[in-house]
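Below are the chains, spelled out letter by letter.
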Amino acid sequence: MMLRRELKMKDEEEVRAFGIDLGKRASEGQVIALEGDLGTGKTTLTKYIAEGLGVTETVSSPTFTIVKEYHSGRLPLYHFDVYRLCDPEELFDIGAEEYFEGNGLCVVEWADMVADQIPEDALHIRIRYGDKEGERIYRCTF
């Protein structure tokens, strides 16, 4: 059973703590599906998840490459940005299934654009702006 909860992140330090904790708890073959408007912090959260995994490389948005791989942490991190895909099927043209079923952690930005391709057991985080400056609301399904 998936647990649904809403978390209020007051500032980036809370986002960092949340992301690091996610990274520390991540397991092989896990997929984290991120959704949210432009600028809500999907890549920022991914950077902190990477930090929790022990990734030492600089994590940046894979907007133009669709997926970036990081292998310096305790698990490989496969960071997807599917914003530029024209068709959700393109995700599998780049081998996403192998990544999803592989030995690393997959983080997919703009996951709502490829919702049918995301594994059923993925952790979902919908990020939206909060009421105050720097605040974010995370709607989590896990």
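Okay, so let's go over this structure. (Residues numbered from 1 in each chain as written. Predicted model: local features only at pLDDT ≥ 70, side-chain atom pairs only at ≥ 80, totals over all residues. Heavy atoms only, no water.)

### A closer look at a negative patch on the surface
What counts here: Only residues above 30% relative accessible area that lack a salt bridge enter a patch, with like-charged residues linked at up to 9 Å and the nonpolar side chains Val, Leu, Ile, Met, Phe, Trp and Tyr linked at up to 5 Å. Shrake-Rupley sampling with a 1.4 Å probe provides the accessible areas, and residues are treated as covered by the protein chains on show and by no other component. Between Lys or Arg on one side and Asp or Glu on the other, a salt bridge is scored when a side-chain nitrogen of the former is within 4 Å of a carboxyl oxygen of the latter. Only four residue types enter the tally: Lys and Arg on the positive side, Asp and Glu on the negative side, with His and both chain ends excluded. Taken as the charge centre is NZ of Lys, CZ of Arg, CG of Asp or CD of Glu, depending on the residue. Each helix corresponds to a stretch of at least 4 residues labelled H or I by DSSP, and each strand to a stretch of at least 2 residues labelled E; elements are numbered beginning at the N terminus.
The grouping of Asp87, Glu89, Asp93 and Asp116 at the surface amounts to a negative patch. Along the chain, the position of Asp116 falls in the loop between strand E5 (105–109) and strand E6 (123–129).

### Things to note about the side chain of Lys42
Here is the rule we go by: For each residue, the accessible area found with a 1.4 Å probe, counting protein chains only, is set against the maximum for its type, and the residue is called buried under 20%, exposed over 50%, and partly exposed in between. Here a polar contact is recorded for every N or O atom pair within 3.5 Å, except that within protein the pair must consist of a potential hydrogen donor and a potential acceptor, and residues adjacent in sequence are included only if both atoms are side-chain atoms. We call two residues in contact whenever any of their non-hydrogen atoms come within 4.5 Å of each other.
Relative to the assigned elements, Lys42 resides in helix H2 (residues 42–53). Summary of buried charges: Lys42 has no salt-bridge partner, and the nearest side chain of opposite charge, Glu109, is 5.1 Å away. One polar contact links the side chain of Lys42 to the main-chain carbonyl oxygen of Asp37, over a distance of 3.0 Å. Once residues within four sequence positions are removed from consideration, Lys42 is found in contact with Leu34, Glu35, Gly36, Asp37, Glu109, Trp110 and Ile127.

### Topic: the nonpolar core
The condition that has to hold: Buried residues of nine kinds, namely Ala, Val, Leu, Ile, Met, Phe, Trp, Tyr and Cys, make up a nonpolar core once their side-chain atoms join them within 4.5 Å.
Counting 25 residues, the largest nonpolar core has Phe18, Ile32, Leu45, Ile125 and Tyr138 as its most contacted members. Listed by contribution, the elements that provide at least two residues to this core are helix H1 (12–25), strand E2 (31–36), H2, E5, E6 and strand E7 (136–141). Here this core takes five residues from H2, the largest share from any one element. In this structure Ile125 touches Phe18, Leu22, Ile32, Ala33, Leu34, Glu35, Leu45, Tyr138, Arg139, Cys140 and Phe142, once residues within four positions along its chain are discounted. Core analysis: the next-biggest nonpolar cluster, separate from the first, contains 19 residues, Leu91, Cys106, Val114 and Ala122 among them.

### A closer look at the environment of Glu28
Take Glu28: it is sitting in the loop between H1 and E2. Assessed through its relative accessible area of 56%, Glu28 is described here as exposed. With residues up to four places along the chain from it excluded, the contact list for Glu28 reads Leu75, Gly102, Asn103 and Gly104.

### Considering the sheet that holds strand E3 (residues 67–70)
To keep it simple, the criterion reads: The rule for pairing is simple: two strands pair if DSSP sees at least two bridges between them. Angles run from 0 to 180 degrees between N-to-C directions of axes, and those axes are lines fitted to C-alpha atoms, restricted for helices to the stretch in contact.
The strand order across the open sheet formed by seven strands is E1-E7-E6-E2-E5-E4-E3, and the pairing between neighbours is mixed. Each of the sheet's edge strands pairs with one partner strand only, and the pair in question is strand E1 (4–9) and E3. Along the sheet, successive strands turn relative to each other by an average axial angle of 20 degrees, direction set aside. Pairing of E3 with strand E4 (residues 77–81), which is carried by four bridges, proceeds in the antiparallel orientation. In the sheet register, Tyr70 faces E4, and the bridge partner there is Leu77. On the sheet, H1 packs against E1, E2, E6 and E7 and is oriented at approximately 140 degrees with respect to E1. Docked against the sheet, H2 engages E2, E4, E5, E6 and E7, running at close to 170 degrees with respect to E5.

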